[in-house]
Every structure is written in C-alpha cells, then in structure tokens.
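Single-letter residue listing:
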There are 2 protein chains.
Amino acid sequence: MFKKVCIIGCGLIGSSLARAIKKNNLAQQVVSSNRSKDINKKVIELKIVDDSSSDTKKMAEGSDLIIIATPLSSYEDIILKIKDTLKNNQTILTDVGSVKRNILRLVEKNIPEKVSWIPSHPIAGTEESGPESGFSELFRDRWCILTPSKKANEKDINLLKTFWQKVGSKVDIMEAEQHDYILAITSHIPHLIAYNIVNTSLNAQDEKKTDIVKYSAGGLRDFTRIAASNPVMWRDIFIENKDNTSKLISKFIENLEDLKKAIEDGNGKKLEKIFVKTKKIRKDIVEAGQDIEQPNFGRK
Amino acid sequence: MFKKVCIIGCGLIGSSLARAIKKNNLAQQVVSSNRSKDINKKVIELKIVDDSSSDTKKMAEGSDLIIIATPLSSYEDIILKIKDTLKNNQTILTDVGSVKRNILRLVEKNIPEKVSWIPSHPIAGTEESGPESGFSELFRDRWCILTPSKKANEKDINLLKTFWQKVGSKVDIMEAEQHDYILAITSHIPHLIAYNIVNTSLNAQDEKKTDIVKYSAGGLRDFTRIAASNPVMWRDIFIENKDNTSKLISKFIENLEDLKKAIEDGNGKKLEKIFVKTKKIRKDIVEAGQDIEQPNFGRK
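Residues numbered from 1 in each chain as written. Chains lettered and ligands numbered in written order. Predicted model: local features only at pLDDT ≥ 70, side-chain atom pairs only at ≥ 80, totals over all residues.

Considering the overall build of chain A
Then, number 1: Broken down by element type, chain A carries 11 helices and 9 strands.
Then, number 2: Radius of gyration (C-alpha) of chain A: 21 Å, near the 19 Å computed for a compact globule of 300 residues.
Then, number 3: C-alpha atoms of chain A, sized along the principal axes, occupy 65 × 40 × 35 Å.
Then, number 4: Here chain A, with 300 residues, has 55% of them falling under the buried criterion.
Then, number 5: A sequence separation of at least 24 residues applies to 75% of the contacts in chain A between residues at least 6 apart. (Helix = DSSP H or I, 4+ residues; strand = E, 2+ residues; numbered from the N terminus. Rg over C-alpha atoms; globule rule 2.2 N^0.38 Å. Buried ≥ 20, exposed ≤ 12 C-beta atoms within 10 Å, placed from the backbone. Contact = placed C-beta atoms within 7 Å.)

Here's what the structure looks like:
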C-alpha cells in the first residue's frame, strides 16, 4: 500500500499503528522518529519498526505516508523539521491527535501546496503510554475520524480511509470544527471530569486521612482508569480545545448545581427522572459494541 | 451457621447473597420477601431461595438472620412490618444499604432492646438490577463495612463478620458517620458525577443532533456504566447522605472552576501537575486488587 511509512512518536498509538502496519503488510518499510535515544533503540530491538532515529528529517525523507503521533504542542516543531522533505503529489501527511481545528490550519500554512494533509483521529486508546503498551488490534472496531484539509486530494483521502479500514477501523469524514465539538463531549470533558474527581478525592483523603483506594470499587475506580491517561497529551488537548471545553464545563457545572439543589431539597422525583434518562444510554453503547476495552489479541 | 435467613428484597445484592449462602451452606433455609408477585415466583423457580412471599412478616418469622436489601426509603415500612417478629437474643438484623447514619438510628428506636442490629455495607455491585443479575461471587475480595448499633452484642458482631468472610469479603468495622463520609468520596460523588456527565452529554447531543454513542469509546463510555445503576436506589442514597454529598459537590465545583481557569489561561504547567498526581492513584488501585470487575464465576 505504501513504500515507506514514517511514524513520528512511537507511543501507545504510534507503536500500535506500526504493529498493525507490519501485521497487515501495509508498507514495505516502517520507520519512526522519537526524541529519546532509548525509545529509538527499543522500537528497533522490539522489531516494532525497521529503523528509528531522533533525526526526524532523515526518517521522514522519501516517505509516502507520514503520521504525527506526538502531543499537540510539538506539531509546530515537527512541521518545521520535515516540511522540506514533503513532496507535492507524493506525500500523504496525517496525525492521530485529538483536537483538529487549530492544527489543521497550523500545518496547512507550513506545507507545500500539493501535499495531502489529512488529519486523522482514531477513537481508541488505553490509559497506558509508551511503545511497550501498544498492540496491533487497538483500532479494531473503533471509529477513526478524518478531517481533510483543503490541500487534500480525493484519491489520497480514499487511500488513507482504506488504510484505516485495513487496521480494523470504521471511518467517518467530517469538518474539524464538528470533530472538536463532538470529541469535547464524548472524550475531553469526560477526561477532565475524571481528573477532577480523582483530584477532589485525593484532597479529601489528605484532609481526613482516610483510605480511598481501599473502597474505590464503590465507583471511584471507574474514573481512575481514564484519570491515569498521559498527562502531557491531555494538557495539550484541553488547551487546544479551549472554547468547547470551557463552554461544556459551564453547562456541566450548571447541571451539577441543579442536582445539588434537588438533593438538598430532598427532591427525589427530579433525581429519579434524570437517572432513568441516563440509564438508557448504556444500553445503546452496549448495542453499538462500544462498551468494552479491546481484547488485546496482539498484546504481550 | 444460621437456621433461617430472610432476605428482604431479592435484587442484585439480595439475590447474590442468597446464592452465596446456598453455595457455601451457611443456612438451613433461605427465604425472601419482595413486593412484586412476579419476583417472588421467579426467585423460587430459579431456586435462588426456598420460599418467597410479599408477606414480609411471615417470611421474617423465626429467622435468626434478617437482611434488608431494599432502597433506603423503604426501611421504615419494613421495620414496622417485621418488628414484632424480632426476638431478643435470637435475631441478628442487618442490611446492605449504602448510607448508615440515619437508618442506624431509625431502626434502633423501633426494635426490641436485645436484637442485634448491625448494618452492613458490601462495597460490591454492578450496573445491573434484579434477581437475574445476581451471582454468588459478587462479594469475593470486596470490602464489607459493618457499623454496629449500640444494640449489637459482641458475639453477634463476630458471627456476622464471619458470615461476610464466608461469602468472600474482607470486613472492616467503623462508625456510621465515618462510613458515610468515606463512601461519599469513593462512591456517592462518583455516581452523581457520572449521572451528571451523561446527562450533560445527552443535552448537548439533543442540541446539536450529534451521535455521542458512536464515539463514546473516547472516554464517555467509562461513565455510562455507573450512570446505569439503579435510579431509585441512588435517589435514596444521595438524599440520605445529603450533608456529605452537598459539601463534596461544592469542593468538586471549586476544583473544576480552577481547572477551567487554567485551561482558559493556557496554564499547561498547572494542568500537568494535577494530572501527574491523579495518575498515581490508578497504580495503587491495581496493586490493591480493586481494579477489575468481579469475574463472574457463578453468573449465568
């Protein structure tokens, strides 16, 4: 499918992609670039990629598919490093970032006219980080959203769509603005709330010297999984999706104040009505097959 | 261990207990009482109990262990129905409710002097409800907290402790006030927040006609599990634990406003610091063996 794929950032997502590309024979060569020498060494040793180096330009050279899989705040640096290697009508450039609007424009203005810049967002992941935590089946049955730039041509969009399908994903195409709004609801706000509840619990624990870990199976446990996600990655996501995040937090707080008042007033009817409504969505998620973590077929 | 155990309310917890009692031969006879005729019929058919009827008094008669496993708002009714069947020095009365302070007193003032009233709270459950959803291993490796009343004697406390250990639990004994505070942190607030985030997402979905189920694997999914818990049960829990819940919501909102400001200011350092802190607790939970749902050994 591709001659040379270059993955910039071989973390959970990057290394899972490298594994999936090799497993499904989607490229003749897969290379990666990481800032850390240790990681470059490790991904070669583990045979996740054929070559890896901190010299991003060198790794990107001659690639027909380049995938940026690093935190959003590093994109500008990366683009400046690789832009001279991007060839008109020869390179597809994509990423796997969780926010699209700003980076779509940032990259667009820095690359040649006829390089197909097609941001991707695979809605997949675990709370773990680093190349050891990746596995080839991470994307299976998960959605991947493409938000093509004006510079993307139809043929390349279809090729990239097929690429994601070959690693197991279902593909949707939409505007970056719409993507950022939907993901703020389904992913960014849930993560922020998870971080906040765990943080609030830790503060309460310090204050009263109680043991919240011991009794976490009562509910808190469910939040700690996503509150264990990569801190740098999420720091960047919230800041990049500031507008949507900020508006939705306000709505969340408004609704929570409402619940608080219902509790204080002993308004059981109101509480029950809301809880019945929220109960229904679980059934929809189970029916849509989005309820469970990926079985780790390829995981070690 | 017991001659006759009466379980009032054969839902997820009640029916799991009935199954565990039978499996571990902890009683000669297990009966239950449910308001619904269909459920009384079903639990006999499924051989979860030996007898079942909506006549609570009749079922409780002659029991040496009575377990209330219904929503908190039904306790007063139940106690009035069964109080004449409780025999001094012969009956242990317990429950499985999630809030203790108020019901401890409510029951205490309505029962004979020498009936051992020892509230229990098994920190176990799933998002499902009803007798079909129960399974005998639900309590295995989970904590169960006892908050004995003044009317409980030492011998009976030890007997009930052994009972919970025999169904697989680890047992802690504490004051009702302490219980209600810890559980507000580890269970009640997490549930309320889960309900609130799912509700907020549903509202946003209605507004923009987007499909939040489709992309729920990005994080929202993790909240829908506990936001699918029994609405009546949780309505009662929040209202019964009003003081703790209300105070902790305020702290939660305070912290969330703080995060919101950090996002709006682009204060990445502050965000990262909090996220690194919350990441650590996951490791503690995994190490404490409280990270996964019970494998459903006995589940159909």
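With respect to the interface of chain A and chain B
Then, number 1: Counting residues at the interface gives 81 residues for chain A and 81 residues for chain B.
Then, number 2: For the side of chain A that touches chain B, the secondary structure elements donating two or more residues are α7 (176-208), α8 (220-226), α9 (231-240), α10 (242-264) and α11 (268-287) of chain A.
Then, number 3: Of all the elements, α7 of chain A adds the most residues to the side of chain A that touches chain B, at 21 residues.
Then, number 4: Along the lines of polarity and charge, the residues of the side of chain A that touches chain B split into 44 nonpolar, 19 polar and 18 charged. (Nonpolar A, V, L, I, M, F, W, Y, C, P; charged D, E, K, R; others polar.)

Some remarks on the confidence of the model for chain A
Residue and element names in this part refer to chain A.
Then, number 1: Across chain A, the average pLDDT comes to 92, with 95% of residues at or above 70.
Then, number 2: Within the model, the stretch residues 294-300 combines pLDDT values under 50 with 12 contacts to residues more than four positions away or in other chains.
Then, number 3: For this predicted complex, the interface score ipTM comes out at 0.89, alongside a pTM of 0.88. (pLDDT = per-residue confidence, 0-100.)

What to know about unusual backbone geometry
Then, number 1: Even without glycine at this site, aspartate 141 of chain A takes up a positive phi of about 65°.
Then, number 2: If you trace the backbone, aspartate 141 of chain A turns up in the loop between β7 (120-122) and β8 (143-146).
Then, number 3: Phi is positive for asparagine 89 of chain B, which is not a glycine, with a value near 60°.
Then, number 4: Turning to its location among the elements, asparagine 89 of chain B is positioned in the loop between α4 (75-82) and β5 (92-95).

Focus: the sheet that holds β7 of chain A
Residue and element names in this part refer to chain A.
Then, number 1: Spatial ordering of the open sheet is given by β7-β8-β9, a layout of 3 strands whose pairing is mixed. Of all strands in the sheet, those with a lone pairing partner are β7 and β9 (170-173), marking the two edges. Each adjacent strand pair in this sheet contributes to an overall mean axis angle of 20°, direction not counted.
Then, number 2: Running over the sheet, helix α6 (residues 154-166) touches β7, β8 and β9 and is turned about 165° from β8. (Pairing = 2+ DSSP bridges. Axes fitted to C-alpha atoms, helices over the stretch in contact; angles between N-to-C directions.)

Describing the nonpolar core
Then, number 1: Counting 190 residues, the largest nonpolar core has Ile7, Leu17 and Ile67 of chain A together with Ile7, Leu17 and Ile67 of chain B as its most contacted members.
Then, number 2: Once residues within four sequence positions are removed from consideration, isoleucine 67 of chain B is found in contact with Val5, Ile7, Ile8, Leu17, Thr94, Asp95 and Val96 of chain B. (Core = buried A, V, L, I, M, F, W, Y, C linked by C-beta atoms within 7 Å.)

Re the pairing of β5 of chain B
Residues and elements named next belong to chain B.
Then, number 1: Residue alternation in β5 divides its side chains into two sets, Ile92 and Thr94 and Leu93 and Asp95, and both sets are buried.
Then, number 2: Pairing analysis gives 4 bridges linking strand β4 (residues 65-68) to β5, with the strands arranged parallel. The residue of β5 that forms the bridge with isoleucine 68 is aspartate 95.
Then, number 3: Sheet analysis places β5 next to strand β6 (residues 116-117), joined by 2 bridges and oriented parallel. Residue pairing in the sheet places isoleucine 92 in a bridge with serine 116 of β6.

Remarks on the packing of helix α4 (residues 75-82) of chain A against helix α5 (residues 101-108) of chain A
Residues and elements named next belong to chain A.
Then, number 1: Interhelical geometry of α4 versus α5 gives an angle of 25° and a closest axis separation of 10 Å. One element, α4, and the other, α5, form an angle in the roughly parallel class. Judged by the twist between their axes, the crossing of α4 over α5 is right-handed. Residue-level contacts link Tyr75, Glu76 and Ile79 of α4 to Ile103, Leu106 and Val107 of α5.
Then, number 2: When its residues are assigned to classes, the contact of α4 with α5 shows 5 nonpolar, no polar and 1 charged. (Parallel < 35°, antiparallel > 145°, perpendicular 65-115°, else oblique. Left-handed = near helix turned anticlockwise from the far one by under 90°.)

Regarding the sheet that holds strand β8 (residues 143-146) of chain B
Residues and elements named next belong to chain B.
Then, number 1: Spatially, 3 strands are ordered β7-β8-β9 in an open sheet, and the strand pairing comes out mixed. Looking at the sheet topology across the chains shown, the edges are occupied by β7 (120-122) and β9 (170-173). Neighbouring strand axes in the sheet, compared pairwise and without regard to direction, differ in orientation by 20° on average.
Then, number 2: Where β7 meets β8, 3 bridges bridge the pair, whose relative direction is antiparallel. Residue proline 122 lies in a different strand from β8, and its bridge partner there is cysteine 144.
Then, number 3: Running at roughly 165° to β8, helix α6 (residues 154-166) makes contact with β7, β8 and β9 of the sheet.

What about the relation of the copies chain A and chain B?
Then, number 1: Superposing chain A onto chain B takes a rotation of 180° combined with a translation of 0.0 Å along the rotation axis, leaving an RMSD of 0.0 Å. Each copy turns onto its partner about a two-fold axis.
Then, number 2: Of all interface residues in chain A, 100% are interface residues in chain B too; the two copies therefore contact each other through one and the same surface. (Least-squares fit on C-alpha atoms with pLDDT ≥ 70 in both.)

Some thoughts on α6 of chain A
Residue and element names in this part refer to chain A.
Then, number 1: With 13 residues, α6 should cover 18 Å at 1.5 Å per step; its first-to-last C-alpha distance of 18 Å lies within 8% of that length.
Then, number 2: All buried positions along α6 are accounted for by Asp156, Leu160, Phe163 and Trp164. Down the axis, α6 shows its buried residues gathered within 95° of arc, on one side only. Exposed positions of α6 whose direction lies more than 90 degrees from the buried face are Glu154, Lys155, Asn158 and Thr162.
Then, number 3: Considering only its buried residues, α6 is in contact with β5 (92-95), β6 (116-117), β7, β8 and β9. (Expected span 1.5 Å × (residues − 1). Arc of directions from axis to C-beta.)

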